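Topology and contacts: notes
Each chain, written out:
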Amino acid sequence: MSNAHHEMSKDELWDALEGAEGFERGHILYTLALRHRSDDEWSQVIIFAEQSAEVMHSIDSTREEGYAFELIGQAQDAMHEHDTAIETFMKAATLFHGISLDEGLGSVYAYAGYAARHKKDHAGAAGYFAQSEMFYSQCMDMEESVAGAARDLGNSLARVDNREIDSLEALKRSLNHALGNSELHFIYEVHDDLVDAYLRVHDLGKALEHAESALRLAKTCPCPHCMPVATYRLGYVLRICGKLDEANKTINEAYTIAKGNGNASLQAKCMVEFGKMQTEDDLDAAEESFKNALVVMESTAANGGISVCKHWLGRVASERESFGQACAYFKEAIDNAEEARLGSRTFAPMHQSFAKTLIKQGKNREAIVVLESIGWHKSTEPINGIAVAKHMALYAQALLANGQTADALIRAELTLEQTSANQWHEITAECHEVRSRVLLHKDPTAADRSAVLALAHYTLGNRPEDAARMATEFIVEPHRMLKLVAADHEFREAQ
């Protein structure tokens, strides 16, 4: 719309409204709506934008009518009327489609995506953001908007089951469009999003690269938060990569900065990471770290953080074989995660820890029920994310422990098939171990072949204790097994 009235105060706009007609009247009403939007007076926004839309409709000014509906939708979304807001945005989209206004379509679909995201409809939000990215891509000099839409798409897909690859690709597109076109802070945020995206597909090398890039950019930011957060994030990735000395040093640095600037939330996150590393050799220290972090999380009512702390306290209790206490922690962690509406992939590790503890107690049927509560076991599509793959491998183990050998074999083989495109050694090893145990007395040759493959993948996955266990439990003739593995490889190559 025209900028003719944008410099006027509210009083001047009211004066100008008197006697104004046609387009000028519609534009003054729209500008008044904008003034009320800047003051968060949303009911007033709706009143003036609706009047503007009526005027613009009466004079066939379709573009301006569409923008008025877009403004009404923003107000409705701000008032938590998300479904109504989406309906209004679609009215604007219909008008913009009628005049092929790609820039307007890019904008209105983005707002519809935000409204869907606000009501936790992440699949719906992803659909709208995909439309936004497409229409912005058809405009000249809109690289920054394309980058924003692609980022919103990637982050929405990150919350939709089995869309990890699509999420990663969208975020990669976002970074490509952002470089040279967006502010450094936005580029920093996309690098940080890509850290999580690569972790979800278990590409640790790429995750580490983006964590390092995010920290380099964060050091240029004048605000007191970006640099310590990026430092913590780098330490977090280093721990997952198994570089514990570097991780400890990096997280200590983040903790010191966070303590200096009073960032209690980040201090708690650092304490959680200290605890995770301490579980390797000092359960008492780990428990203290998790409890200290829990106190902070509870003081800030951070349900997501509370669930993480209780999950790890449960894992410590399980390691000590205090199974009753462990299960209590896991139940509370799951309740907190559901209250925070964290999503399946975020609280799946809690279900997995709970199931493992139940299996240790011989409560195998209960473990199966816990694992089936997420519902991933019903899908036969290729698995894109490491969280789902871990869940399915554990599900196969639980079925085997419960004596459901046929079901365990089917699940193990299906998981191997579903993850065949990925080099997830731990998942492959666990599934082959299930195969070897199920087939031990039915098909000794196939069992031996799976045992050797499990041993090899445990070794590649940096789980030497499990590799040694397989070597001890499955005594095989090395030369015969090498032939079997070679034959298996040739068979798969032929297929």
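Above this text you will find the structure in question.
Quick summary incoming for the structure in this document.

Rules and cut-offs
Residues numbered from 1 in each chain as written. Predicted model: local features only at pLDDT ≥ 70, side-chain atom pairs only at ≥ 80, totals over all residues. Heavy atoms only, no water. Helix = DSSP H or I, 4+ residues; strand = E, 2+ residues; numbered from the N terminus. Buried < 20%, exposed > 50% of the residue type's maximum accessible area, 1.4 Å probe, protein only. Contact = heavy atoms within 4.5 Å. Salt bridge = Lys/Arg side-chain N within 4 Å of Asp/Glu carboxyl O. Core = buried A, V, L, I, M, F, W, Y, C linked by side-chain atoms within 4.5 Å. Phe/Tyr/Trp six-rings, centres within 6.5 Å; stacked < 30°, edge-to-face > 60°. Lys NZ or Arg CZ within 6 Å of the ring centre and 35° of its normal. Expected span 1.5 Å × (residues − 1). Arc of directions from axis to C-beta.

When you go through the protein chain residue by residue, the secondary structure sums to 25 helices and 0 strands. Judged by the C-alpha coordinates and their principal axes, the protein chain covers about 95 × 55 × 40 Å. For the protein chain, the proportion of its 495 residues judged to be buried stands at 50%. Pairs at least 24 apart in sequence give 55% of the contacts found in the protein chain among residues at least 6 apart.

Moving on to the pattern of salt bridges. Under the defined criterion, the tally for this structure stands at 27 salt bridges. The partner of Arg 117 in a salt bridge is Asp 152, and the shortest N-O contact between them spans 3.4 Å. Linking Arg 117 in helix α6 (residues 102-118) with Asp 152 in helix α8 (residues 143-157), this pair joins segments that are 35 residues apart in sequence. For Arg 117, a relative accessible area of 29% corresponds to the partly exposed category.

Bringing the side chain of Ser 307 into the picture now. Relative to the elements of secondary structure, Ser 307 occurs in helix α16 (residues 303-319). Judged by its relative accessible area of 0%, Ser 307 falls in the buried class.

With that out of the way, let us pick up the nonpolar core. Grouped together as the largest cluster of nonpolar side chains are 42 residues, with contacts concentrated most on Phe 354 and Ile 427. Of all the elements in the fold, those that place two or more residues in this core are α17 (323-339), α18 (344-360), α19 (364-372), α20 (386-401), α21 (405-418), α22 (425-438) and α23 (444-460). The biggest single contributor to this core is α20, with 10 residues. Here Ile 427 is in contact with Ile 386, Ala 389, Lys 390, Ala 393 and Thr 415, once residues within four sequence places are set aside. In this structure, Val 45, Ala 49, Val 55 and Ala 126 belong to the second largest nonpolar core, which totals 41 residues.

On to the packing of aromatic side chains, then. Under the counting rule described, the total for this entry stands at 11 aromatic pairs. Ring centres of Phe 89 and Tyr 111 lie 5.9 Å apart, and the angle between their planes is 15°; on these two criteria the pair is classed as stacked. Note that Phe 89 is positioned in helix α5 (residues 82-98) and Tyr 111 in helix α6, a separation of 22 residues in sequence. Residue Tyr 111 is classed as partly exposed on the basis of its relative accessible area of 26%. Three or more aromatic residues joined by ring pairs form one cluster here, namely Phe 89, Tyr 111, Tyr 114 and Phe 129. One residue, Arg 315, lies across the ring of Trp 312, its end atom 4.1 Å from the ring centre.

The terminal C-alpha atoms of helix α9 (residues 164-178), which comprises 15 residues, lie 21 Å apart, in line with the 21 Å expected from a rise of 1.5 Å per residue. Residues Glu 164, Ser 167, Leu 168, Ala 170, Leu 171, Ser 174, Leu 175 and Ala 178 constitute the buried set of α9. Each buried residue of α9 sits inside an arc of 165° when the element is viewed along its axis, so together they form one side. Each element contacted by the buried residues of α9 is listed here: α8, α10 (184-200), α11 (204-218), α18 and α20. One or two residues past the end of α9 sits Gly 180, with phi positive at roughly 85°.

Following the sequence through the fold, Arg 216 ends up in helix α11. Taking relative accessible area as the criterion, Arg 216 reaches 56% and is therefore assigned exposed. On a C-alpha basis, the gap between Arg 216 and Ala 230 in space is 8.7 Å, while along the polypeptide they are 14 residues apart.

This brings us to the environment of Gly 205. Tracing the chain through its elements places Gly 205 in helix α11. Counting along the chain gives 195 residues from Gly 205 to Lys 10, while the straight-line C-alpha distance between them is 55 Å.

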